Amino acid sequence: MAFRVPSGSLPTLKKLKPFAYLEISIYVALQTEAGPLFVGVEWKFGEWRDNSVVLVIWPTFKITRAFSSVETIEAMYALKTGVLEQWSVQQVIDCAAAPNRGCGGGDTCLTVEWLYESGAKIVLAQDYPFTGETGECKKAQSEKTVSIAKNFTCDSFVGEEYLMLLHLAHHGPLIAAVDATGWQDYLGGIIQFNCDNERNHAVQIVGYDLTGEIPYYIVRNSWGTEFGNDGYLNIVIGKNMCRIAEEVSAVDVI
């Protein structure tokens, strides 16, 4: 059954810069398996692909839950401080608790949970360089460190993807576990079908576009800039396509 989110229930928050947006206050109809879902959003288009918030695309197929987590830490640190730093992915690979340590397997929610519960202070990438292999956890010295705040979340938004749009517009990028089984053949466009196997990959959601007939997420991958749209891809909103709404994490930093 279709339902409407009352406009009065939407958060009244400041417009965050440098979030690029079209300022149109409307209700948007998202097509779901149960029919149209009417969502109140303030901006019909928005993304964080700005060089002051998001760094370059990494060219790797491995340990994507570490990359997506650190990428989002980088973005949230930049939004908080106005400075975009590159933090150490290798430190997360080497030091995370099982089953998230190393280059095989792992889970985005457990990675974020470990980052908070361990009190890990992630150092600059230059002080703990990326090797692409699992090594011993080292104590690196760095002029700056960053940690996860206690208000981190990991939730399912199946049937409530409008909440992901609100978070993207009002807070920042999201970490998502997805099914990327057929993505090697992606050349562009919007993924709308045949993407519902088990979650086997992790990405960063950096924005959305509701201006066309088919609304979609703007997703940052980690397979290099030759993949998709200069390293990004588009996934339809409202259908839990590629299982993108099942395991979604958000973080703040201190």
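Description of the structure in this document. In this text, all values refer to a predicted model and were calculated from it rather than measured experimentally. (Residues numbered from 1 in each chain as written. Predicted model: local features only at pLDDT ≥ 70, side-chain atom pairs only at ≥ 80, totals over all residues. Heavy atoms only, no water.)

1. A look at the packing of aromatic side chains
Rule in force here: By convention, a stacked pair of Phe, Tyr or Trp rings (six-membered ring in the case of Trp) has centres within 6.5 Å and planes under 30 degrees apart, an edge-to-face pair has planes over 60 apart, and any other such pair is tilted. Each helix is a run of H or I in the DSSP string that is no shorter than four residues. Each strand is a run of E no shorter than two, and both are numbered from the N terminus. Burial classification: accessible surface area is computed with a 1.4 Å probe over protein chains only, and a residue below 20% of its type maximum counts as buried, one above 50% as exposed, and the rest as partly exposed. We call a charge positioned above a ring when the Lys NZ or Arg CZ atom is no farther than 6 Å from the ring centre and deviates by at most 35 degrees from the ring normal.
Within this structure, the stated rule accounts for six aromatic pairs. Relative to Phe152, the ring of Tyr116 lies with its centre 5.5 Å away and its plane at 45 degrees, an arrangement referred to as tilted. Residue Tyr116 is located in helix α3 (residues 108-117), and its partner Phe152 is located in the loop between β4 (145-146) and β5 (153-155); the two are separated by 36 residues in the primary sequence. Judged by its relative accessible area of 33%, Tyr116 falls in the partly exposed class. Ring geometry for Trp183 and Trp223: centres 6.3 Å apart, planes at 65 degrees, overall edge-to-face. Taken together, the residues span a long stretch of sequence, with Trp183 in the loop between β6 (174-178) and β7 (190-191) and Trp223 in the loop between β9 (216-220) and β10 (232-236) at a distance of 40 residues. Note on accessibility: Trp183 and Trp223 belong to one class, buried. Three or more aromatic residues joined by ring pairs make a cluster, and in this case those are Trp183, Tyr186, Trp223 and Phe227. Positioned above the aromatic ring of Tyr232, the side-chain terminus of Arg49 is 4.7 Å from the ring centre.

2. A few points about the pairing of β10
The condition is simple: Here the rule is simple: two strands pair whenever DSSP picks up at least two bridges between them.
Counting buried residues along β10, five of its five residues qualify, which places the element largely inside the surrounding structure. Neither face of β10 is exposed, since Tyr232, Asn234 and Val236 on one face and Leu233 and Ile235 on the opposite face are all buried. Here β9 pairs with β10 via five bridges, running antiparallel. Residue pairing for β10: Tyr217 is matched across the bridge by Ile235.

3. Notes on the state of the cysteines
Here is the rule we go by: The rule for a disulfide is simple: a pair of cysteine sulfur atoms within 2.5 Å.
Applying the stated rule across the entire model yields three disulfides. Note that Cys109 is cross-linked by a disulfide to Cys154, the S-S spacing being 1.5 Å. Pair noted here: Cys109 is in helix α3 and Cys154 is in strand β5, with a separation of 45 residues, a long-range link. Residue classification places Cys109 among the buried residues on the basis of a relative accessible area of 16%. Residue class for Cys154 comes out partly exposed when judged on its relative accessible area of 27%. Here the protein chain pairs its bonded cysteines, counted in sequence order, in the arrangement 1-3, 2-4, 5-6.

4. Digging into helix α1 (residues 64-81)
As a reminder of what qualifies: By definition here, a helix of n residues has an expected span of 1.5 Å times n minus one.
Taking 1.5 Å as the rise per residue, α1 with 18 residues should run 26 Å; its terminal C-alpha atoms sit 25 Å apart, in good agreement. Most of α1 sits inside the fold, with 15 of its 18 residues counted as buried. Following α1 by one or two positions, Gly82 has its phi on the positive side, about 80 degrees.

5. Looking at the pairing of strand β8 (residues 201-209)
Burial within β8 is extensive, with nine of its nine residues counted as buried. In the sheet, β6 pairs with β8 via five bridges, with the strands oriented antiparallel. Looking across to β8, one finds that Ala176 is bridged to Val203. Looking at chain direction, β8 and β9 are connected through five bridges and run antiparallel. The residue of β9 that forms the bridge with Gly207 is Ile218.

Limitation: the analysis is restricted to geometry and does not speak to function.
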